[in-house]
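Coordinate inspection notes
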Amino acid sequence: MNKILLAVILLFIFPWSNKVDAQELSQKEIYEKRMDLYKKTEAKTDIPWYYLAGIDQFERSIRLVRKDLPKPDRIGGYYIPIEKWVGPGNLNHDDDNPITISFFDGVGRDGNGDGKAERTKEEDLLFTLAQYISKYGVDENKFRIALWDYYKRDLTVNSIMTNVKLYKRFNRIDLDKKMFPIPRGYHYSYKNTWGARRGWGGRRIHEGTDIFAGYGVPVRSIVYGVVELKGWNKFGGWRVGIRDLNNTYHYYAHLNGFSKDLKIGDIVEPGTIIGSVGSSGYGPPGTSGKFPPHLHFGMYKDDGRSVWSFDPYPYLRLWERQERQKDSK
Ligand SMILES: [Zn+2]
């Protein structure tokens, strides 16, 4: 047999590699290494770990959906463009010398103490980020100003503050548990109606999934998140909006009412009851009963520049299945 062909076949059968990267670690190991990185940087710089984690997670989330940014492939998600790291006008794009980098006004700093400011080293990247924050100060208002100056976008500042709030409250970063919005034991049904035409309020396309259930059936938060919206809209009736750590916005509409004490800015967990199923909407505040009771659920993605809706149906099916599997164990 042709030796090259044999080598190719062997490579397919034994795709060994001694390269250790983020993909080969379990999710648990990734979280541990990530937290370690945040805590190390906090110890060196006095910048609270949850500030660093909030930005790092935001950057990771936008890189996953943006075509103009490289996909996250490290433990950290924070990204600095080459020109910014080495300095504008610095022709040496591989420059890792802190002296020449600062001569060219580059932001790159040496965080791990090896004398090099390397854009590919996690510790150097997070240290550089911490240096930027420390120019402003660590109280929350100053941190917000630092974010605004850096990103110049309200929704981005808000999204990062959502991450910070969640990390600070739960004091951990493994917060990706999900739950189906309707608790087990209640009758409900739903189909994929993404993109269907809506009759009321002119020509609109259905941006979500309708989960039909009786009046008063509890509606839960699917994710760890922060309540960003609560109130009336002539289409959605009484509705709640929750943003999660992946910068995904969860929209719950036509509610019969809200949970007592639920307010904008509240932190919710998977399973937190936010309200109940109703048929509110299609008119002025309080209008109800113009259609059968159901939960309208929508998902919106923000990539740091624009927002778009995407089909929640496959995710609902997935969360429903995962919860059933867990319950039957
Ligand atoms: Zn709907």
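Residues numbered from 1 in each chain as written. Predicted model: local features only at pLDDT ≥ 70, side-chain atom pairs only at ≥ 80, totals over all residues.

Per an unreviewed UniProt entry, the chain carries the name M23 family metallopeptidase and comes from Lederbergia citrea.

**What to know about the environment of Phe104**
For Phe104, the position within the fold is in the loop between helix H5 (98–103) and helix H6 (122–134). You can call Phe104 partly exposed: it has 16 C-beta atoms within 10 Å. Expressed as a C-alpha distance, the spacing of Phe104 and Gly89, which sit 15 residues apart in the sequence, is 6.6 Å. If sequence neighbours within four positions are ignored, Phe104 has contacts with Val86, Gly87, Pro88, Gly89 and Asn90. (Helix = DSSP H or I, 4+ residues; strand = E, 2+ residues; numbered from the N terminus. Buried ≥ 20, exposed ≤ 12 C-beta atoms within 10 Å, placed from the backbone. Contact = placed C-beta atoms within 7 Å.)

**What about the nonpolar core?**
Core analysis: the biggest nonpolar cluster contains 57 residues, and Tyr51, Leu52, Leu126, Leu129 and Tyr252 have the highest contact counts within it. It is helix H3 (residues 49–65) that provides the largest number of residues to this core, a total of eight residues. Not counting chain neighbours up to four residues away, the residues in contact with Tyr252 comprise Val219, Arg239, Val240, Ile274, Gly275, Leu295 and Phe297. (Core = buried A, V, L, I, M, F, W, Y, C linked by C-beta atoms within 7 Å.)

**Focus on the UniProt feature "domain: M23ase beta-sheet core" (unreviewed entry) in the chain**
Mapped onto this structure's residue numbering, the UniProt feature "domain: M23ase beta-sheet core" (unreviewed entry) falls at residues 205–303. As a span, residues 205–303 carries 0% helix and 54% strand, and end to end its C-alpha atoms are 22 Å apart. (UniProt positions renumbered as here; feature names shortened; annotations may be inferred.)

**Describing helix H7 (residues 140–151)**
In a regular helix each residue adds 1.5 Å, so 12 residues correspond to 16 Å; H7 covers 16 Å between its end C-alpha atoms and thus fits that length. Inspection of H7 places Phe143, Ala146 and Leu147 among the buried residues, and these make up the whole buried set. With its buried residues spanning 100° around the axis, H7 presents them on a single face. When the buried face of H7 is taken as reference, the exposed residues oriented beyond 90 degrees from it are Asn141 and Asp149. Check the buried side of H7 and you find it contacts H3, H6 and helix H8 (154–170). At the C-terminal side of H7, Lys152 shows a positive phi close to 50°. (Expected span 1.5 Å × (residues − 1). Arc of directions from axis to C-beta.)

**Details of the domain arrangement of the chain**
It is common to give the size of an interface as the accessible area lost on bringing the parts into contact. Taken as a whole, the chain is organised into domain 1 (19–170) and domain 2 (188–328). The C-alpha-based centres of domain 1 and domain 2 are spaced at 33 Å. Contributions of two or more residues to the side of domain 1 that touches domain 2 are made by H3 and H8. By residue number, the principal contributor to the side of domain 1 that touches domain 2 is H8, which donates eight residues. Partitioning the side of domain 1 that touches domain 2 into residue classes produces five nonpolar, six polar and three charged. (Domains from an automatic or database assignment. Nonpolar A, V, L, I, M, F, W, Y, C, P; charged D, E, K, R; others polar.)

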